[in-house]
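Breakdown of the fold
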Amino acid sequence: MAQVSAQGRQSKPINIPRYRSIVNVLRQQIISGTLNVGERLPTEDDLCRQFDVSRHTIRIALRELRGEGLIESRQGAGSTVLRRSPPLTYTSSISSLEELLQYATEVRYEVAKSGIVVADNDLANRLGCAVGQRWLRLEGVRMKPSQEDAVCWTEVFVHSDYAGIGLMIGRRSGTIYSWIEEMYGVQVGEVRQVLRVEQMPDDLCAVLACETGSPAVEISRFYRLLNGDLVEVAFNIHPADRFSYEMTLRKRGTGDSVNADSPSLT
């Protein structure tokens, strides 16, 4: 039956796709606890009979719920409830060193381990430094006040010439590179950032509250002074289902901009 809008004009009825209505019903059952975490959903055949739809429609609905992170499906084992609400997504939007500083003030770095290491061949290749260089290594997680789960696992290497900034960890907010600038009177002129997708390391699954074998996004940042010296390298590993990346590209000398909500990960 057609509906009449507040302005008196006749409007067409809103037709919700059948699979979407099924998603809404199952999602509500999960959120309300009717379907508990760890509990299996009815089989596809049972869902077909319950909603009087085809198996194809049920599979589309289950795919939507998997995409929301509410369930997981395994061949031969059916679908199981993972959580009662969609996971929180952490969005990073950074286009300058100043915005990096703002990002760091929004999260708290909790250091679990620290110490001086000497770069062997493997570490030298990883950092892009000379073999034998000494670095202060920090390892821990970044937390947001409003979230119980860690935002990411962070491993930071600071050249030993600037290791004095280790005294500020946990005592002040801000970025490590800004502390280097403040304490030693130098200036960071370039940050190279690399993103890549990998499998979450097994030893970090419990730390970041994610499933074994789940995807992760690693962000590597390489900080250089104006003279080109490498002073800091940071590796951040995010659970892929709690991370998105956003950036804005602008042409020099114009007001034109190009927005890229989902840049390619290589």
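Attention here is on the structure that accompanies the text.

What counts, and at which threshold
Residues numbered from 1 in each chain as written. Predicted model: local features only at pLDDT ≥ 70, side-chain atom pairs only at ≥ 80, totals over all residues. Heavy atoms only, no water. Helix = DSSP H or I, 4+ residues; strand = E, 2+ residues; numbered from the N terminus. Buried < 20%, exposed > 50% of the residue type's maximum accessible area, 1.4 Å probe, protein only. Contact = heavy atoms within 4.5 Å. Salt bridge = Lys/Arg side-chain N within 4 Å of Asp/Glu carboxyl O. Phe/Tyr/Trp six-rings, centres within 6.5 Å; stacked < 30°, edge-to-face > 60°. Lys NZ or Arg CZ within 6 Å of the ring centre and 35° of its normal. Pairing = 2+ DSSP bridges. Axes fitted to C-alpha atoms, helices over the stretch in contact; angles between N-to-C directions. Parallel < 35°, antiparallel > 145°, perpendicular 65-115°, else oblique. Left-handed = near helix turned anticlockwise from the far one by under 90°. 1 Å grid on protein atoms, 1.4 Å probe; cavity = no way out; pocket = protein on both sides within 12 Å on 5 of 7 lines; lining within 4 Å. Points joined across faces, edges and corners; volume = space filled by probe spheres on them.

Before going further, it helps to spend a moment on the overall build of the protein chain. When its secondary structure is counted, the protein chain shows seven helices and 13 strands. By residue count, 37% of the 266 residues in the protein chain fall in the buried class. Pairs at least 24 apart in sequence give 55% of the contacts found in the protein chain among residues at least 6 apart.

Going through the model one piece at a time under the given rule, you end up with eleven salt bridges. With a closest N to O distance of 2.9 Å, E64 and R20 form a salt bridge. In this pair, E64 sits in helix α3 (residues 55-67) while R20 sits in helix α1 (residues 18-32), placing the two residues 44 residues apart along the sequence. Close ionic contact of E44 with R55 constitutes a salt bridge, the shortest N to O distance being 2.9 Å. One end of the pair, E44, is in helix α2 (residues 44-51); the other, R55, is in helix α3, and eleven residues separate them in sequence. Since its relative accessible area comes to 23%, E44 is described here as partly exposed. Residues participating in the shared-partner salt-bridge network are E44, D45, R55 and R59.

All right, on to the packing of aromatic side chains then. Applying the stated criterion across every chain, the model contains four aromatic pairs. A centroid spacing of 5.0 Å and a plane angle of 85° characterise the contact between Y162 and Y184, whose relative ring orientation is edge-to-face. Note that Y162 is positioned in the loop between β8 (152-159) and α6 (176-184) and Y184 in helix α6, a separation of 22 residues in sequence. Residue classification places Y184 among the partly exposed positions, given a relative accessible area of 31%. Summarising the aromatic geometry, the rings of Y177 and Y223 are spaced 5.7 Å apart at their centres and angled 25° between planes, so their arrangement reads as stacked. Placement of Y177 in helix α6 and of Y223 in strand β10 (residues 215-225) is noted, with a sequence separation of 46 residues between them. What makes Y223 buried here is its relative accessible area of 6%. By way of ring pairs, the aromatic residues F157, F222 and F235 are connected into one cluster. The ring of F235 carries the charged tip of R126 above its face, separated from the ring centre by 4.0 Å.

Our next topic: the environment of L41. Within the fold, L41 resides in the loop between α1 and α2. You can call L41 buried: its relative accessible area is 7%. A sequence separation of 15 residues divides L41 from L26, and the C-alpha atoms of the two residues are 9.0 Å apart. Setting aside residues no more than four positions away along its own chain, L41 makes contact with L26, L35, L62, I71, S79, T80 and V81.

Remark: a regular strand shows side chains that alternate across the two faces of the sheet. Pairing of strand β3 (residues 71-74) with strand β4 (residues 78-81), which is carried by four bridges, proceeds in the antiparallel orientation. When the sheet's bridge partners are listed, S73 is paired in β4 with S79. What sits between β3 and β4 in their antiparallel hairpin is a turn of three residues, with G76 showing a positive phi close to 85°.

Their axes nearest at 9 Å, the elements α1 and α3 cross at an angle of 50°. Taken together, α1 and α3 sit at an angle that is classed as oblique. Classified by chirality, the crossing of α3 by α1 is right-handed. Between α1, through R18, Y19, R20, I22, V23, L26 and R27, and α3, the contact on the second element is made entirely by T57, I58, I60, A61, L62, E64 and L65.

Quantified by volume, the largest pocket comes out at close to 390 Å³. Forming the boundary of the largest pocket are 20 residues, of which L82, R83, E211, S214 and D241 lie nearest the centre. Broken down by secondary-structure element, the contributors of at least two residues to the lining of the largest pocket are α3 and β3. In terms of residue count, β3 provides more of the lining of the largest pocket than any other element does, three residues in total.

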